[in-house]
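The lines below spell out each chain.
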Amino acid sequence: EVQLVESGGGLVQPGGSLRLSCAASGFTFSSYGMAWVRQAPGKGLEWVSSINSVGGSTRYEDSVKGRFTISRDNSKKTVWLQMNSLKPEDTAVYYCYAVGLHIYWGQGTQVTVSS
């Protein structure tokens, strides 16, 4: 069974940090690019960041550049999103997904940035 399980979300004050994790199982993780997207309340999905299958190439949406860092460890079948200098507008449900022969989605983790 394919699974992507996100964790690490929560409530944080503006300027704070969170580290999201996405643990994969049931497919060949090292053959898949990984990405994070988010959905703010009342809005559509927004792509946040991507990393290629070997971790050598990363991309970021402009509003998170310099604040978020995506990384992966294929031996642990895990991808992370380190989020620093969080802003209220980063509040959303964050989803990881895998792109390769198929597309797989996680269930999401809530991030709330509020004082």
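What comes next is a walk through the structure. Given the structure is predicted, the values throughout are model-derived calculations rather than measurements.

**Describing the nonpolar core**
Then, in step 1: One finds Leu4, Trp36, Leu81, Met83 and Tyr94 to be the most contacted residues of the largest nonpolar core, which totals 29 residues.
Then, in step 2: Counting only elements with at least two residues in this core, the list comes to β3 (18-25), β4 (33-39), β5 (45-51), β7 (68-73), β8 (78-83), β9 (92-99) and β11 (109-113).
Then, in step 3: Apart from the residues within four sequence positions on either side, leucine 81 is in contact with Leu18, Arg19, Leu20, Trp36, Val48, Ser49, Phe68, Thr69, Ile70 and Tyr94.

**Thoughts on the pattern of salt bridges**
Then, in step 1: All told, the structure shown has four salt bridges when counted by the stated rule.
Then, in step 2: Between glutamate 46 and arginine 38 there is a salt bridge; the shortest N-O distance is 2.7 Å.
Then, in step 3: One continuous salt-bridge network, built from bridges that share partners, spans Arg38, Glu46, Arg67 and Asp90.

**Concerning the sheet that holds β3**
What holds strands together in a sheet is hydrogen bonding between their backbones, with the strands either parallel or antiparallel.
Then, in step 1: Strand order across the open sheet formed by four strands is β1-β3-β8-β7, with antiparallel pairing between neighbours. In this open sheet, the two strands that pair with only one neighbour each are β1 (3-7) and β7. Across the sheet, the mean angle from the axis of one strand to that of its neighbour is 15°, orientation sign disregarded.
Then, in step 2: Note that β3 and β8 share six bridges and pair antiparallel.

**Regarding the pairing of β3**
Then, in step 1: Pairing analysis gives five bridges linking β1 to β3, with the strands arranged antiparallel. Paired with glutamine 3 across the bridge in β3 is serine 25.

**Remarks on the packing of aromatic side chains**
Then, in step 1: Under the defined criterion, the tally for this structure stands at five aromatic pairs.
Then, in step 2: For the ring pair phenylalanine 27 and phenylalanine 29, a centre distance of 6.4 Å and an interplane angle of 55° mean the geometry is tilted. In this pair, the class of phenylalanine 27 matches that of phenylalanine 29, namely buried.
Then, in step 3: Ring centres 4.9 Å apart and planes at 40° place the aromatic pair phenylalanine 27 and tyrosine 104 in the tilted group. You can see phenylalanine 27 sitting in the loop between β3 and β4 and its partner tyrosine 104 sitting in strand β10 (residues 103-105), a full 77 residues away along the chain.

**Quick notes on the side chain of threonine 109**
Then, in step 1: The topology assignment puts threonine 109 in strand β11.
Then, in step 2: Separated by 3.3 Å, the side chain of threonine 109 and the backbone nitrogen of glycine 9 make a polar contact.
Then, in step 3: Excluding its chain neighbours within four sequence positions, the residues that come into contact with threonine 109 are Glu6, Ser7, Gly8, Gly9, Leu20, Ala92, Val93 and Tyr94.

Conventions we followed
- Residues numbered from 1 in each chain as written.
- Predicted model: local features only at pLDDT ≥ 70, side-chain atom pairs only at ≥ 80, totals over all residues.
- Heavy atoms only, no water.
- Core = buried A, V, L, I, M, F, W, Y, C linked by side-chain atoms within 4.5 Å.
- Buried < 20%, exposed > 50% of the residue type's maximum accessible area, 1.4 Å probe, protein only.
- Helix = DSSP H or I, 4+ residues; strand = E, 2+ residues; numbered from the N terminus.
- Contact = heavy atoms within 4.5 Å.
- Salt bridge = Lys/Arg side-chain N within 4 Å of Asp/Glu carboxyl O.
- Pairing = 2+ DSSP bridges.
- Axes fitted to C-alpha atoms, helices over the stretch in contact; angles between N-to-C directions.
- Phe/Tyr/Trp six-rings, centres within 6.5 Å; stacked < 30°, edge-to-face > 60°.
- Polar contact = N/O pair within 3.5 Å; in protein donor to acceptor, adjacent residues only side chain to side chain.

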